[in-house]
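The lines below spell out each chain.
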Amino acid sequence: MPSSHLEESKTVLAARAAMSNDRKGVRALIPFLGPAFVASIAYVDPGNFATNIQSGSEFGYKLLWVVVLANLMAMLIQNLSAKLGIATGKSLPEMIRAYCPRWLSYVMWGFSEVAAMGTDLAEFLGATLGLNLLFHIPMVIGMVLTGIATYLILALDRFGFRPLEKFITAFVVLIALCYIVETVMSRPQFGQIVHHSVVPWLGNNDAVLLAVGVIGATVMPHAVYLHSGLTQNRVVPRNDEEKRKIGRFNTREVIIALTLAGFVNLSMMYMSASVFHGTGHTQIADISTAYQTLTPLLGSASAAVFLVSLLASGISSSAVGTMAGQVIMQGFVGFTIPLWIRRVGTMIPPAVIIMLGVNSTQALVISQVILSLVLPIPVIALVYFTRRRDIMGVLVNKPIVTVLAVISTVIIVVLNLGLLYLTFGGSIPGLS
């Protein structure tokens, strides 16, 4: 038996041992770790760097509550997505194709591909920018290197799901370690962090726009689609009891992975609040400027750690974005294209931006707004499917879960409508 299949078989056997209580504690959870960590990389991609840094610089600690809210919604939504794959053996796009009219499936596929391109734009530009700032590699050459690196990561899939899961998980841990270092160096005000993490504030129209951007950068459409694809055939349940047990292990993994991602997002914003806003640098809306400003304020070591986290984020999330694109195409229209063709195709938008000299960070922020506008589509579909007992069986949502999911969906839709209103010249009474 090839080593890749042997490792997968070991993982499945270990998972079944955990379900039969032959493995306990942390050892029982280990075989189920992977899918949520792969999906979580989308929650710490370069788009998060752009929106969190700009939010912290301009408004200090005041928008931390948006990060907390977005992360709680992300936990709920990602758990539903993973549960759908476990219960049905199908990904969310496959379910949409099976239950919706063909024309609607194609329309949703089109919007989802736009979302995937917007995602890859952010991730690709972030990695390229990280190479440029850290190693002074020209942007065009950095773009090619990023494309090669992400393709090599994706090539791990031929050795089975486990090596790719471990590689992406290592990147998530590396990014988190970088921000533990940044937290120590930036010395934020922990009282302010606690207060503004739970007390909502939206002082002006710019704050609303950034709040929507933060949610768009946190709850990602392609991650919602991907997670169901990662769990659909990983450990196939043989009966209802195994479905329940896999579902419970999955929930624990989602909480662990998304808590880690949430910490990274919070630390991005409070680091920016402490270092930039706290020193009067309230207009840091550019990753390059953030790096250049960080160096004299905290030293070259802090700036280098910042860039290492950006580079790790960009390369790993770009690979995950390409994986999601395959799940989206396979699910909605029933065919796939070679990974290298998708990789080259998704390089075109960032290549155009780089060659035209467009501000990379502004492009990142705009891409997150686009993602936020597309986000209601998969979330509404996900809530619809997971509330149906005839589809989910024993893993059907409990009423309170459906209520919370509907509330999350309403928040997303309302914020998106507000974004459109403000974008086209409207203003919210009482806000400047």
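Before reading on, note that the structure itself is shown above.
Residues numbered from 1 in each chain as written. Predicted model: local features only at pLDDT ≥ 70, side-chain atom pairs only at ≥ 80, totals over all residues. Heavy atoms only, no water.

Peer 1: Let's hear about the overall build of the protein: which residues, and what values?
Peer 2: Each helix and strand in the protein was counted, giving 20 helices and zero strands. Burial analysis of the protein (432 residues in total) assigns 59% to the buried set. Surface exposure of the protein reaches about 17,100 Å², of which carbon and sulfur atoms provide 68%. (Helix = DSSP H or I, 4+ residues; strand = E, 2+ residues; numbered from the N terminus. Buried < 20%, exposed > 50% of the residue type's maximum accessible area, 1.4 Å probe, protein only. Areas by Shrake-Rupley, 256 points an atom, 1.4 Å probe, with all protein chains shown as cover.)

Peer 1: Report on the pattern of salt bridges, specifying residues and quantitative values.
Peer 2: Within the structure shown, the criterion is met by six salt bridges. A salt bridge links Arg162 to Glu165; its shortest N-O distance comes to 2.8 Å. Of this pair, Arg162 and Glu165 both sit in helix H9 (residues 161–186), three residues apart, which is roughly one turn of the helix. Looking at Glu165, the relative accessible area reads 5%, which means it is buried. Across the pair Arg234 and Glu165 runs a salt bridge whose closest N-O atoms are separated by 2.8 Å. Here Arg234, found in the loop between helix H12 (221–231) and helix H13 (240–275), pairs with Glu165, found in helix H9; they are 69 residues apart in sequence, far enough to count as distant. Each of the salt bridges in this network shares a partner with another, and the network as a whole consists of Arg16, Arg238 and Glu242. (Salt bridge = Lys/Arg side-chain N within 4 Å of Asp/Glu carboxyl O.)

Peer 1: Before we move on, could you go through helix H15 (residues 300–333) and cite the residues and values that matter?
Peer 2: Helix length check: H15 (34 residues) gives 49 Å between terminal C-alpha atoms against 50 Å at 1.5 Å per residue, within 8%. Most of H15 is tucked away, with 29 of its 34 residues classed as buried. Two residues or fewer past H15, Gly334 is found with a positive phi of approximately 80°. (Expected span 1.5 Å × (residues − 1).)

Peer 1: Can you tell me about a nonpolar patch on the surface, naming the residues and giving the values?
Peer 2: Residues Ile141, Val144, Leu145, Ile148, Tyr151 and Leu152 make up a contiguous nonpolar surface patch of about 520 Å² in total accessible area. Structurally, the position occupied by Ile141 is in helix H8 (residues 139–154). (Patch = residues over 30% accessible without salt bridge, like charges linked within 9 Å, V, L, I, M, F, W, Y side chains within 5 Å.)

Peer 1: How would you sum up the environment of Val44? Please name residues and give values.
Peer 2: For Val44, the location among the structural elements is in the loop between helix H3 (35–40) and helix H4 (46–59). Excluding its chain neighbours within four sequence positions, the residues that come into contact with Val44 are Phe49, Ile175, Ala261, Val264, Asn265 and Ser313. (Contact = heavy atoms within 4.5 Å.)

Peer 1: Before we move on, could you go through the packing of aromatic side chains and cite the residues and values that matter?
Peer 2: This structure, assessed with the given rule, holds seven aromatic pairs. When the ring of Phe59 is compared with that of Trp201, the centres are 5.4 Å apart and the planes differ by 55°; the resulting orientation is tilted. Taken as a pair, Phe59 in helix H4 and Trp201 in the loop between helix H10 (190–198) and helix H11 (205–218) lie far apart in primary sequence, 142 residues in all. On the numbers, 5.6 Å between centres and 80° between planes, the contact of Tyr225 with Phe332 is edge-to-face. With Tyr225 in helix H12 and Phe332 in helix H15, this residue pair connects regions lying 107 residues apart in the sequence. (Phe/Tyr/Trp six-rings, centres within 6.5 Å; stacked < 30°, edge-to-face > 60°.)

Peer 1: For helix H5 (residues 64–88), give the residues involved together with the corresponding values.
Peer 2: For H5, built from 25 residues, the straight-helix expectation of 36 Å at 1.5 Å per residue is met to within 8% by its first-to-last C-alpha distance of 36 Å. Counting buried positions over the 25 residues of H5 gives 21, a clear majority of the element. Positive backbone phi, at 70°, marks Gly89, one or two positions downstream of H5.

Peer 1: Any details on the nonpolar core? Residues and values, ideally.
Peer 2: Leu92, Tyr179 and Phe306 are the most contacted members of the largest nonpolar core, which totals 118 residues. For this core, the element with the most residues is H15, which contributes 17 residues. Not counting residues up to four positions away in its chain, the partners in contact with Phe306 are Phe49, Ile53, Tyr179, Glu182, Met271, Ile287, Ala290, Tyr291 and Leu294. (Core = buried A, V, L, I, M, F, W, Y, C linked by side-chain atoms within 4.5 Å.)

Peer 1: Account for the side chain of His227, naming residues and giving values.
Peer 2: Within the secondary structure, His227 sits in helix H12. The contacts of His227, once residues within four sequence positions are left out, are Pro35, Ala36, Ala39, Gln78, Ser81, Ala82, Asn250 and Val254.

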